[in-house]
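This is what each chain is made of:
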Amino acid sequence: MKTRQQYIESMRKVKPELYMFGEKITDRVDHPIVRPTMEAMAATFELAEKPEYQGLCTATSHLTGKKINRFTHIHHSIEDLVNKTKMTRLLGSYTATCFQRCVGWDAMNALSMVTYDIDQKYKTEYNKRFLKFLQMVQDEDMVCCGAMTDNKGDRSLRPGEQFDPDQYLHVVEEKSDGIVVRGVKLHQTGTVNSNQIIAMPTRAMREEDKDYAVSFGIPSDTPGILYIYGRQASDTRKLEGGKMDLGNTMYGGQECMVVFDNVFVPWERVFMYKEWDFSGDLVEKFASYHRQSYACKSGVSDVLIGAVQLLSEYQGTAKASIVKDKITDMIQLNETMYCGSLACAHEGHEEPSGTYYVNTLLANVSKINVTQFPYTIAKLAQDLAGGLMVTMPSEKDFRDPKLGKYIDKYLKVSDAVPTENRMRLLRLIENLTLGLGAVGYLTESMHGAGSPMAMKIMISRLYNLDRVKKAAMRISGIKS
Ligand SMILES: Cc1cc2nc3c(=O)[nH]c(=O)nc-3n(C[C@H](O)[C@H](O)[C@H](O)COP(=O)(O)OP(=O)(O)OC[C@H]3O[C@@H](n4cnc5c(N)ncnc54)[C@H](O)[C@@H]3O)c2cc1C
Ligand code: SF4
């Protein structure tokens, strides 16, 4: 297993072709915009080093029997699934941001099942290839990003009907030693902090779309892959020098646009090739696992609730019953999100491959709560914080010898509370509810692992309405 520091150093050897603000970035490890995001990823290594988190953050490989980072583990029990939920919450509260490592982990768990199922039907050898890849990831404690979302062009049209065939990632050439793929994956979390990129189809395919039914895992710096860094609200505050105005002074999230410009993939790294009838299954399994992973947002809410409570104490409002009531509402919503993630883990089951899979209905219910509750929690946080959160002077003004004394005097709430502490909490609440951190806390909650409609479709498909109709008939005395 790698330590936090070994992970950071190892990233220097991975050299993705990365662009930001129109410039090529060659020193991303020390880049002020990238580094906090790498630190968030590094927290997944750091906590696995700590004795008190060994049970949660490490596991035993079913391939080698070695101790591994849980983020590279294939779930082999209900306890594994439950530990996943607990660990993602823990890391959410440790970093107050998206720590990025779950997407590739969820992709690996989904592939461990689907490659097995394809092999059963078609006598292929995807599972063997995948397990070899997995062992490398486990042995070297690698980070994988999970690349599912295509641009998708006109959403009313299927992949092959688009104005441009590259709107969905697809195979453009078959060679004796591998395939060549072209297209794009959007919104890719943590990609330039990763060793490997695992691509998957973005939707269920039909036979006519079989060139789009492709999955593979290749090094992030494979020639032909190009990364364009995603802008986030207030991202250039990271270039200003001081840290206070960031709110989250330590960590951040990261998404990139990832272009595949005729990228070669050797056969031993191909995990699905034109088996269009398994494409929907891979999407569904990945999505269900990833919907479980959103216990991370309960962890982020922990930090927000903590910030609001402390600020209320500073500002002298904490004892008012209306404030206590609002804080209690925030806690209730947050714990409800957590309950959903725990429930789908507890109700999981073993698949034919031996991998344990979450309860799909409950995973979707869990994530749909996550598309709603952080917005209400954020509204309550903004209510209790007061308007200063968006009108406060900058850190530079606060540090200025002439202006600072006015800011210190007129933003003070009591002799016991340094003005700077109040300002720091206000910036943290700003970060999480409308700044850099809101990307992860709000919009990612809405669209990450699929937009709400995707969950509603699954919920209506999976809930057994016949069963409940029969229950109603029996109780009301209807005979047939
Ligand atoms: C912060 C963040 C991180 C992410 N990380 C990753 C990642 O690491 N890996 C990854 O693969 N993906 C990632 N995603 C992508 C995420 O899964 C998608 O954003 C999500 O699936 C929605 O797709 P979209 O953004 O293309 O929205 P769209 O598909 O454009 O959806 C916009 C709206 O249109 C609706 N809509 C879409 N199609 C139809 C239709 N046919 N009919 C009617 N309504 C429709 C949707 O329900 C939604 O309300 C991330 C997204 C975000 C925001
Ligand atoms: S949004 Fe949450 S579940 Fe998804 S990668 Fe980030 S931390 Fe993990």
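Residues numbered from 1 in each chain as written. Chains lettered and ligands numbered in written order. Predicted model: local features only at pLDDT ≥ 70, side-chain atom pairs only at ≥ 80, totals over all residues. Heavy atoms only, no water.

A. Representation of the site of ligand 1. Near ligand 1 lie 17 residues; those nearest to it are Met148, Thr149, Lys152, His187 and Thr189. Contact between ligand 1 and Met148: an oxygen atom at 2.7 Å from a main-chain N or O atom of the residue. With respect to ligand 1, the backbone of His187 contributes an N or O atom lying 2.8 Å from a nitrogen atom. Its free accessible area being 960 Å², ligand 1 has 68% of it covered by the protein chains. Ranked by residue count, the leading element in the shell around ligand 1 is strand 7 (residues 178-189), at three residues. Taken together, the residues that form the shell around ligand 1 break down as five nonpolar, eight polar and four charged. Here the shell around ligand 1 spans two domains, since at least three of its residues come from each of domain 1 (4-279) and domain 2 (291-476). (Near = heavy atom within 4 Å. Polar contact = N/O pair within 3.5 Å; in protein donor to acceptor, adjacent residues only side chain to side chain. Areas by Shrake-Rupley, 256 points an atom, 1.4 Å probe, with all protein chains shown as cover. Helix = DSSP H or I, 4+ residues; strand = E, 2+ residues; numbered from the N terminus. Nonpolar A, V, L, I, M, F, W, Y, C, P; charged D, E, K, R; others polar. Domains from an automatic or database assignment.)

B. Fine view of the sheet that holds strand 6 (residues 170-174). An order of 2-1-10-11-7-6 is seen for the six strands of this open sheet, with the pairing classed as mixed. The open sheet has two edge strands with one neighbour each: strand 2 (23-25) and strand 6. Mean inter-strand twist for the sheet, computed between neighbouring axes without regard to direction, equals 20°. (Pairing = 2+ DSSP bridges. Axes fitted to C-alpha atoms, helices over the stretch in contact; angles between N-to-C directions.)

C. Molecular detail of helix 7 (residues 279-293). Over its 15 residues, helix 7 runs 21 Å from end to end, which matches the ideal 21 Å to within 8%, given 1.5 Å per residue. Counting buried positions along helix 7 gives 13 out of 15 residues, so the element sits mostly inside the fold. (Expected span 1.5 Å × (residues − 1). Buried < 20%, exposed > 50% of the residue type's maximum accessible area, 1.4 Å probe, protein only.)

D. The sheet that holds strand 8 (residues 196-199), seen in detail. With mixed pairing, four strands are arranged side by side in an open sheet as 5-8-9-12. Each edge of the open sheet carries a strand with a single partner, namely strand 5 (144-147) and strand 12 (270-273). Going across the sheet, the axis of each strand differs from the next one's by a mean of 15°, ignoring polarity. Relative to strand 9 (residues 214-219), strand 8 is paired through four bridges, and the arrangement is antiparallel. Its bridge partner lying in strand 9, Gln196 is registered against Pro219. Contacts from helix 5 (residues 102-122) reach strand 5, strand 8, strand 9 and strand 12 within the one sheet, and its direction differs from that of strand 5 by about 70°. Sheet contacts for helix 6 (residues 126-139): strand 5, strand 8, strand 9 and strand 12; angle to strand 12, the most-contacted strand, approximately 150°. (Contact = heavy atoms within 4.5 Å.)

E. Broad picture of the environment of Glu395. Looking at where Glu395 falls in the secondary structure, it is placed in helix 13 (residues 395-399). Relative accessible area serves as the criterion here: at 11%, Glu395 is assigned to the buried category. Measuring from C-alpha to C-alpha, the distance between Glu395 and Met244 comes to 6.2 Å, with 151 residues separating the pair along the chain. With residues up to four places along the chain from it excluded, the contact list for Glu395 reads Gly242, Lys243, Met244 and Asp245. Within the structure, the side chain of Glu395 is placed 3.1 Å from the backbone nitrogen of Lys243, a separation counted as a polar contact. Among the polar contacts listed, one links the side chain of Glu395 to the backbone nitrogen of Met244, at a separation of 2.8 Å.

F. Structural context of the nonpolar core. Ile197, Phe216 and Phe260 are the most contacted members of the largest nonpolar core, which totals 68 residues. For this core, the leading source of residues is helix 5, giving eight residues. Those residues within four positions of Phe260 in sequence are excluded, and the remaining contacts are Leu169, Val181, Arg182, Gly183, Lys185, Ile197, Phe216, Gly224 and Ile225. In this structure, Ile305, Ile327, Leu388 and Leu425 belong to the second largest nonpolar core, which totals 41 residues. (Core = buried A, V, L, I, M, F, W, Y, C linked by side-chain atoms within 4.5 Å.)

G. The site of ligand 2, seen in detail. In the vicinity of ligand 2, the contacting residues are Cys98, Phe99, Gln100, Cys102, Val103, His290, Ser293, Tyr294, Cys296, Lys297 and Glu444. Every element with two or more residues in the shell around ligand 2 is listed here: helix 5, helix 7 and helix 8 (296-315). Across the shell around ligand 2, the residue classes break down as six nonpolar, three polar and two charged. Here the shell around ligand 2 gathers at least three residues from each of two domains, domain 1 (4-279) and domain 2 (291-476).

H. Spotlight on the side chain of Glu39. If you trace the backbone, Glu39 turns up in helix 2 (residues 35-49). Residue contacts for Glu39: discarding those within four places in its chain leaves Arg4, Ile8, Met250 and Tyr251.

I. Here's a closer look at the packing of helix 4 (residues 78-95) against helix 8. Relative to each other, helix 4 and helix 8 sit at 35°, their axes nearing to 6 Å. Judged by the twist between their axes, the crossing of helix 4 over helix 8 is right-handed. Together, Thr88, Arg89, Gly92 and Ser93 of helix 4 and Cys296, Ser298, Gly299, Val300, Asp302 and Val303 of helix 8 make up the contact between the two elements. For the contact of helix 4 with helix 8, the residue count by class is three nonpolar, five polar and two charged. (Left-handed = near helix turned anticlockwise from the far one by under 90°.)

J. Structural view of unusual backbone geometry. Non-glycine residue Asp141 carries a positive phi angle of around 50°. Phi at Lys274 takes a positive value of approximately 75°, unusual for a residue other than glycine. The partly exposed category is assigned to Lys274, whose relative accessible area is 26%.

K. Region of interest: the environment of Thr189. With respect to the secondary-structure elements, Thr189 resides in strand 7. Separated by 116 residues in the primary sequence, Thr189 and Ile305 have C-alpha atoms spaced 25 Å apart. Side chain to side chain, Thr189 and Glu255 meet in a polar contact 2.8 Å long.

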